[in-house]
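Each chain is listed here by its residues.
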Amino acid sequence: MVWRQRQSADTRTAVVAVHAKLAESIADGDPQAAQQALKAHFDLAFRDLIAAGLH
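Residues numbered from 1 in each chain as written. Predicted model: local features only at pLDDT ≥ 70, side-chain atom pairs only at ≥ 80, totals over all residues. Heavy atoms only, no water.

### Looking at the overall build of the protein chain
Helix and strand counts for the protein chain come out as 3 helices and 0 strands. Element order for the protein chain, N to C, with α for helix and β for strand: α-α-α. Counting only residues that meet the buried cut, the protein chain has 22% of its 55 residues in that class. Total accessible area computed for the protein chain in this model is approximately 4100 Å², and 61% of it derives from carbon and sulfur atoms. (Helix = DSSP H or I, 4+ residues; strand = E, 2+ residues; numbered from the N terminus. Buried < 20%, exposed > 50% of the residue type's maximum accessible area, 1.4 Å probe, protein only. Areas by Shrake-Rupley, 256 points an atom, 1.4 Å probe, with all protein chains shown as cover.)

As structure tokens, this is what we get:
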């Protein structure tokens, strides 16, 4: 559902970048960076869910 709300290339690119940073942090064994990346992911998803009308 959230992905469908991200209709511009910029918003979709931002989501892919957040996922890539999370995967990179995990692969690097960096829990602090992974935690920050996961927070960024959740913040982005939450914002987009609200924009989609889910409260």
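Now that the structure has been shown, the text picks up again.
### What to know about helix 3 (residues 31-51)
Over its 21 residues, helix 3 runs 30 Å from end to end, which matches the ideal 30 Å to within 8%, given 1.5 Å per residue. Every buried residue of helix 3 is accounted for by Ala-33, Ala-34, Ala-37, Leu-44, Ala-45 and Asp-48. One side of helix 3 holds all its buried residues, which, seen down the axis, span an arc of 105 degrees. For helix 3, exposure combined with an orientation more than 90 degrees from the buried face picks out Pro-31, Gln-32, Gln-35, Gln-36, Lys-39, Phe-42 and Phe-46. The N-cap of helix 3, judged by a side-chain oxygen 3.3 Å from the amide nitrogen of Gln-32 a few residues on, is Asp-30. Positioned one or two residues after helix 3, Gly-53 has a phi angle of 100 degrees, which is positive. (Expected span 1.5 Å × (residues − 1). Arc of directions from axis to C-beta. Polar contact = N/O pair within 3.5 Å; in protein donor to acceptor, adjacent residues only side chain to side chain.)

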